[in-house]
Amino acid sequence: SGGYFRLVRAITTAIDEVVVGNEGIVGKHAGDGVTAFFLADDLGSSSAASRAAIETARAISEAAGKAAKEIAEETGLFDAADCLVNVAAHWGGTLFIGQLVTGGRLEVTALGDEVNECARIQESAQDGSVLASKTLIEHLADEDARAVGIDPDGVVYRTVGDLPGASDKARRDAGTIPVAFL
């Protein structure tokens, strides 16, 4: 229905604004999914890029919830509380990032195993959770870790394969990756 597409458009727009506001690069949109990249070269350090990714991941849920509430109030077609966004943040130190032109559309995309791993982490998240990989968290310097309220020595990790929402594909492609709930 039109209400669903309004909802997806509003949430996608809200997510894109959060990414850009945190100095990220909006990547591909696939269905109702969004990718984003935070480059250490752009942000000054790997720690700053990790911090921006974590701050963005947390802000996405809030922004998406606000957008869903506005559309729910306008349309009355759904309950905004039922619109949960699952988010994942992962470190990709060896990605190739570039522009791709397909059918007249220009998109930013990345190539590398970590893109697929992040997708599997995200699809394993449930109930509006935010997951971050251990690799990403380990890139935080002490000051950035404090700024995002993370004690790197006190983080509890679970492997993707141990998450209740992990599919067979997630277990196969990213099952051994340690992640933490943010």
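Only a predicted model underlies this, so the values are computations on that prediction, with no experimental measurement involved. (Residues numbered from 1 in each chain as written. Predicted model: local features only at pLDDT ≥ 70, side-chain atom pairs only at ≥ 80, totals over all residues. Heavy atoms only, no water.)

K.L.:
Help me understand the packing of aromatic side chains in this model?
P.N.:
To describe a pair of aromatic rings, one takes the distance between the centres and the angle between the planes. Under the defined criterion, the tally for this structure stands at one aromatic pair. Its end group placed over the ring of Tyr157, Lys134 keeps NZ or CZ at 5.6 Å from the ring centre. (Phe/Tyr/Trp six-rings, centres within 6.5 Å; stacked < 30°, edge-to-face > 60°. Lys NZ or Arg CZ within 6 Å of the ring centre and 35° of its normal.)

K.L.:
Before we go on, may I ask you to explain unusual backbone geometry in this structure?
P.N.:
A positive phi angle, close to 65°, is found at Glu23, a residue other than glycine. Backbone geometry places Asp127, a non-glycine residue, at a positive phi of 55°. Within the fold, Asp127 resides in the loop between helix H4 (113-124) and strand E6 (130-133). (Helix = DSSP H or I, 4+ residues; strand = E, 2+ residues; numbered from the N terminus.)

K.L.:
What am I meant to see in the pairing of strand E5 (residues 105-111) here?
P.N.:
Residues in a regular strand point their side chains to alternate faces of the sheet. Of the pairings in the sheet, the one linking strand E4 (residues 96-102) to E5 comprises seven bridges and is antiparallel in character. Bridge pairing in E5 links Thr102 to Arg105. Hairpin connection between E4 and E5: a loop of two residues separates the two successive antiparallel strands, and Gly103 in this loop has a positive phi of roughly 55°. (Pairing = 2+ DSSP bridges.)

K.L.:
Teacher, can you tell me more about H4 here?
P.N.:
The α-helix advances 3.6 residues per turn, and as a result positions three or four apart in sequence lie on the same side. Compared with an ideal rise of 1.5 Å per residue, which puts twelve residues at 16 Å, H4 spans 17 Å between its outermost C-alpha atoms and is within 8% of the ideal. Glu114, Glu117, Cys118, Arg120, Ile121 and Ser124 are the residues of H4 that are buried. Each buried residue of H4 lies within a common arc of 160° when the element is viewed along its axis, so the set occupies one face. Considering only its buried residues, H4 is in contact with strand E3 (87-89), E6, helix H7 (168-174) and strand E8 (178-181). (Expected span 1.5 Å × (residues − 1). Buried < 20%, exposed > 50% of the residue type's maximum accessible area, 1.4 Å probe, protein only. Arc of directions from axis to C-beta. Contact = heavy atoms within 4.5 Å.)

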